[in-house]
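Observations on the model geometry
What follows is the residue order along each chain.
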Amino acid sequence: MNDKRKKLLAKVAYLYYVDNKTQAEISKMLGIYRTTISRMLAQAKREGIVKIDILGFDSTLFALEEYFRKKYDLLHVDISMNNQYDTEDAKNEALADSAADFIRAIITDNQKVGISWGSTLSKMIEKLESRHVENTIFFPLAGGPSHINSRYHVNTLVYEMARKFYGKSSFVNATVVQESEKLAQGILQSKYFEDTLEYWQTLDVAIVGVGGSLDESDSQWRDLLTKEDYYILEREQAIGECSCRFFDREGNLVHSELQKRTIGISLEKIAQVSKSVAIARGSKKAQALLAMIRKKYINCLVSDRETIIEILQLDNDYSF
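Residues numbered from 1 in each chain as written. Predicted model: local features only at pLDDT ≥ 70, side-chain atom pairs only at ≥ 80, totals over all residues. Heavy atoms only, no water.

The next subject is the packing of aromatic side chains. All told, the structure shown has seven aromatic pairs when counted by the stated rule. With 4.8 Å between their ring centres and 55 degrees between their planes, Phe68 and Tyr72 make a pair best called tilted. Look at Phe68 and you get buried, because its relative accessible area is 0%. Judged by relative accessible area, Tyr72 falls into the buried class, the value being 7%. (Phe/Tyr/Trp six-rings, centres within 6.5 Å; stacked < 30°, edge-to-face > 60°. Buried < 20%, exposed > 50% of the residue type's maximum accessible area, 1.4 Å probe, protein only.)

Structure follows, in structure tokens:
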């Protein structure tokens, strides 16, 4: 690039970024087409003549969000702010903060919103700031935990979330895993479950957690699984679950008999929702998140930088 061209680019950039002239005004001043001014501003950034810094914040976070979103064709990606030296509790709190802001922004009037359960979603709901929406109903995407493990019961989360949005709520009166397919089918086909099934068919927003390794000690419902279930899940190489729908590295469902005993929305149905949001972080969940993203089960993700980078590396992408 010759000096004359470089000077012109610098002048256009000065008029636009420093002197706050509009592109139309610069076009008139310099006798250059408006569309050419736009291209010159873009070139000035590419050539390093203009450098834009966002002070007080690491803007590479936004670049990572956008890169990840485009790579996997997602609607939204939100990365929480933390660093590798934070404690796990601090990282989980940061994730809940980001998720609360994101969920608050996407829920509007006249929606049907389904949620699963777990400590991550519980923390997110605690941090939600109230917002008034009209004619929006909240309901479970899966049955609840066992009676001895009910700290994060899905009905409690549904109630609290509906309260934050001044919405309506609908509950489920069944554990997520039943002893037999016959019992599960009896519940799903019962009259009292009709409304829940209808809601699952007409979802606008699905909000889910994601489980990783099979030996998570803080699980609220894994005690509903039998030793035989664990044996089959390990044999069929399950690497994660969502609403108790277990899948392998490719996102394919495993343990078909367990699937039939499960009271929960299918992952195929979640994939059809206009906004399907996963909120999860951590090394144990990275492989499961990658599988869900590849299979298009979700189209929105709230996570942290470490997890996002690990997902990319699992996919042999070392761009960040």
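Attention now goes to the sheet that holds strand β9 (residues 300-304). Overall, parallel pairing links the seven strands, which are arranged β1-β9-β8-β5-β2-β3-β4 in an open sheet. Since the sheet does not close on itself, it has two edges, and those belong to β1 (76-80) and β4 (168-169), each with one partner. (Pairing = 2+ DSSP bridges. Helix = DSSP H or I, 4+ residues; strand = E, 2+ residues; numbered from the N terminus.)

Next up on the list: the confidence of the model for the protein chain. For the protein chain, the mean per-residue pLDDT works out to 90, and 95% of the residues sit at or above 70. Looking across the protein chain, the model is least confident in helix α1 (residues 3-18), with a mean pLDDT of 84, and most confident in strand β5 (residues 205-208), with 98. (pLDDT = per-residue confidence, 0-100.)

Counting buried residues in strand β8 (residues 275-279) gives four out of five residues, a clear majority hidden from the surface. Of the pairings in the sheet, the one linking β5 to β8 comprises four bridges and is parallel in character. Note on β8: the bridge partner recorded for Val205 is Lys275. Examined bridge by bridge, β8 and β9 share three bridges and lie parallel to one another. Each residue of the ladder has a partner; that of Val277, found in β9, is Cys300. Handedness of the crossover joining β8 and β9 through helix α13 (residues 283-294) is recorded here as right-handed. (Right-handed = clockwise from strand over helix to strand, strands pointing away.)

For the rest of this paragraph, the subject is helix α10 (residues 227-235). For an α-helix, 3.6 residues make a turn, and residues three or four places apart therefore share a direction. Within α10, burial applies to Asp229, Ile232 and Leu233. Down the axis of α10, the sector holding all buried residues measures 100 degrees, keeping them to one side. In α10, those exposed residues whose orientation departs by more than 90 degrees from the buried face are Lys227 and Glu234. Turning to α10, the residues buried within the fold contact β7 (245-247) and α11 (256-260). At the exit of α10 stands Gln237, carrying a positive phi of roughly 60 degrees. (Arc of directions from axis to C-beta. Contact = heavy atoms within 4.5 Å.)

So, about unusual backbone geometry. Phi angles above zero are rare outside glycine, and Asn20 is one such case at about 60 degrees. Residue classification places Asn20 among the exposed residues on the basis of a relative accessible area of 62%. The phi dihedral of Ser243 is positive, around 55 degrees, even though this residue is not glycine. For Ser243, the position within the fold is in the loop between β6 (240-242) and β7.

Moving on: the nonpolar core. Soluble globular proteins: nonpolar side chains tend toward being buried together. Residues Phe68, Ile103, Met124, Met161, Ile207, Phe246 and Ile279 are the most contacted members of the largest nonpolar core, which totals 85 residues. With seven residues, α13 is the largest single contributor of residues to this core. (Core = buried A, V, L, I, M, F, W, Y, C linked by side-chain atoms within 4.5 Å.)

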